[in-house]
Amino acid sequence: MMKFLVSIIFLIAFHCLWGQHSTSKLSVVKSYADAQHFIRQNPKSEGEIILVNSLDEDADKEKKLTELAQGDVITIDDYTYKVISTEKQLRLRSSYIFLDGNKLSAFSMDSIRVVVENRFENGTDFNQLVAEYSMDGMTDGDLGWAQEGVLLKEIEDAIKSHQVNDFFVVDIPEKKWYFIVVKTFGEKYVTESTVLKIKAVH
């Protein structure tokens, strides 16, 4: 019995010391380059660098990482995570129909806009209208949560200046691109974190 207890105590002590040693090694990871170096120097850790944002719907467990500050370390189930960096990003979301001015006359585009607006205001689902009228092959015009600065400036500025559910048009005549847009959500700030993920250090 005494030998058994000694063995258990030894294993617990070894595990704690190993964990402290690994945690100590993590303390030197303060940048993306540091994380890459750590992964190369510690292949058994099965390390990887991941991006997690507070909108991730398929990463409920890892989503909580966006609530942590830069430098924080946390263990979730079988993995230990260290937050390398974190930033707030403005995201916008709308749906659109694209009309190609190279293929349609101004009169045709105006006619389509009137029809689309009337049908939308009378309850037709906008995605149905996208499937019928958009000329870029899209059947779902949802832009998703686009990061500020990613969309065309003309579209982004228009989205910011309108309210949710507003129906509006954006013309870019020099490119002969014309858009019918519905603002589907208000702007929101999203936290995105760059994280080093390794096998758990308990």
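Scroll up a little and you will see the structure.
Residues numbered from 1 in each chain as written. Predicted model: local features only at pLDDT ≥ 70, side-chain atom pairs only at ≥ 80, totals over all residues. Heavy atoms only, no water.

### A short note on the overall build of the protein
Argument step 1. Along its length, the protein carries six helices and six strands.
Argument step 2. From first element to last, N terminus to C terminus, the protein shows the α and β order α-α-β-α-β-β-α-α-β-α-β-β.
Argument step 3. Burial status across the protein gives 37% buried among its 202 residues.
Argument step 4. Taking the contacts inside the protein whose residues are at least 6 apart along the sequence as the reference set, 64% of them involve residues at least 24 apart. (Helix = DSSP H or I, 4+ residues; strand = E, 2+ residues; numbered from the N terminus. Buried < 20%, exposed > 50% of the residue type's maximum accessible area, 1.4 Å probe, protein only. Contact = heavy atoms within 4.5 Å.)

### Structural notes on the pattern of salt bridges
Argument step 1. Taken as a whole, this structure holds nine salt bridges when the rule is applied.
Argument step 2. For D110, the salt bridge identified is with R113, shortest N-O distance 3.4 Å. Of this pair, D110 and R113 both sit in helix 4 (residues 106-121), separated by three residues, roughly a single helical turn.
Argument step 3. Residue D110 is classed as partly exposed on the basis of its relative accessible area of 41%.
Argument step 4. Salt-bridge contacts for E187 lead to K183; the nearest nitrogen and oxygen are separated by 2.7 Å.
Argument step 5. Here K183 falls in the buried class, since its relative accessible area comes to 2%. (Salt bridge = Lys/Arg side-chain N within 4 Å of Asp/Glu carboxyl O.)

### Quick notes on the packing of helix 4 against helix 5 (residues 126-133)
Argument step 1. Across the interface, helix 4 lies against helix 5 with an axial gap of 10 Å and an inter-helix angle of 155 degrees. Of the possible angle classes, the one that applies to helix 4 and helix 5 is roughly antiparallel. In the crossing of helix 4 with helix 5, the sense of the turn from one axis to the other is right-handed. Contacts from I112, V115, V116, R119 and F120 of helix 4 reach helix 5 at F126, Q128, L129, E132 and Y133.
Argument step 2. Among the residues making up the contact of helix 4 with helix 5, the classes are represented as seven nonpolar, one polar and two charged. (Axes fitted to C-alpha atoms, helices over the stretch in contact; angles between N-to-C directions. Parallel < 35°, antiparallel > 145°, perpendicular 65-115°, else oblique. Left-handed = near helix turned anticlockwise from the far one by under 90°. Nonpolar A, V, L, I, M, F, W, Y, C, P; charged D, E, K, R; others polar.)

### Things to note about the packing of aromatic side chains
Argument step 1. What the rule picks out here adds up to five aromatic pairs.
Argument step 2. With a centroid separation of 5.2 Å and an interplanar angle of 50 degrees, the aromatic rings of W145 and F185 are classed as tilted. Of the two residues, W145 sits in the loop between helix 5 and strand 4 (146-147) while F185 sits in strand 6 (residues 177-199), which places them 40 residues apart along the sequence.
Argument step 3. Of the residues examined, F185 reaches a relative accessible area of 37% and is grouped as partly exposed. (Phe/Tyr/Trp six-rings, centres within 6.5 Å; stacked < 30°, edge-to-face > 60°.)

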